[in-house]
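Here is how the chains run, residue by residue.
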Amino acid sequence: MKYGLYRNFLAGLLLFGGAASFAIAGWDDPAAIAKGEELFARNCAVCHGVKAAGKPGVDWKKKLADGSFPPPPLNGTAHAWHHSPKLLDRIIAQGAKTYGDAYKGWMPGFEKKLDASDRLAILKYLHSLWPEEIRKRYDKHFKLEE
Ligand code: HEC
């Protein structure tokens, strides 16, 4: 009897602990999303548009005169969500260099300006902008640390 109670208590702790750490480590982390939104507005919106919706009137699929691509929307309407969180983090940190020296791209690297937790906050913000359908598929396919 005593043991049974103790076991229930432990199970309760585990359950609660599990749920709490998920909220902190998972995508839906309101504090990180708010921080990501601010960092995005300050560093990225100039190229990727307000709320990552792309620049009005720019077709992100059409190469520019110099053979490079314009900045795509990152809000779920282009293909950012085809990439793992790890690759997205690398793109933010290293920019077009991620694709190798031969690649003709001009996405700047933010490694010196945004540390890993800043970049993660931005990823959580972008993830929060994606339609639910895409988020579900993404979360099934990738873990946050992949
Ligand atoms: C000076 C303009 C510029 C700024 C500022 C900029 N980007 Fe980009 N970004 C680009 C361009 C151009 C591309 C397209 C890269 C390519 O395919 O050549 C790109 C691509 C990306 C991609 C890959 C998208 C995909 O679908 O593959 C991600 C993710 C991204 N940027 C995130 C960010 C984030 C986050 C910030 C702010 C921290 C940022 N960018 C700031 C120009 C910019």
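Report on the accompanying structure.

Calculation notes
Residues numbered from 1 in each chain as written. Predicted model: local features only at pLDDT ≥ 70, side-chain atom pairs only at ≥ 80, totals over all residues. Near = placed C-beta within 6 Å. Helix = DSSP H or I, 4+ residues; strand = E, 2+ residues; numbered from the N terminus. Buried ≥ 20, exposed ≤ 12 C-beta atoms within 10 Å, placed from the backbone. Contact = placed C-beta atoms within 7 Å. Core = buried A, V, L, I, M, F, W, Y, C linked by C-beta atoms within 7 Å. Axes fitted to C-alpha atoms, helices over the stretch in contact; angles between N-to-C directions. Parallel < 35°, antiparallel > 145°, perpendicular 65-115°, else oblique. Left-handed = near helix turned anticlockwise from the far one by under 90°. Nonpolar A, V, L, I, M, F, W, Y, C, P; charged D, E, K, R; others polar.

## Description of the site of the ligand
- Taken together, the neighbourhood of the ligand is formed by 25 residues, with Cys-44, Cys-47, Pro-71, Gly-105 and Met-107 sitting nearest.
- For the shell around the ligand, the secondary structure elements donating two or more residues are α3 (45–48) and α4 (85–94).

## Overview of the environment of Trp-106
- Mapped onto the secondary structure, Trp-106 falls in the loop between α4 and α5 (116–129).
- Looking at Trp-106, the number of C-beta atoms within 10 Å reads 13, which means it is partly exposed.
- When the C-alpha positions of Trp-106 and Phe-69 are compared, they lie 8.4 Å apart, and in sequence the two are 37 residues distant.
- Excluding its chain neighbours within four sequence positions, the residues that come into contact with Trp-106 are Ser-68 and Ala-96.

## Quick notes on the nonpolar core
- Ile-122, Tyr-125 and Leu-126 are the most contacted members of the largest nonpolar core, which totals 20 residues.
- At the level of secondary structure, the elements contributing two or more residues to this core comprise α2 (30–43), α4 and α5.

## A look at the packing of α4 against α5
- Where α4 meets α5, the axes come as close as 10 Å, and the angle between the chain directions of the two elements is 120°. Our classification of the angle between α4 and α5 gives oblique. You can see that α4 and α5 cross each other, and the crossing is right-handed. The residues of α5 that touch α4, namely those facing Pro-85, Leu-88, Asp-89, Ile-92 and Ala-93, are Arg-119, Ile-122 and Leu-123.
- Along the lines of polarity and charge, the residues of the contact of α4 with α5 split into six nonpolar, no polar and two charged.

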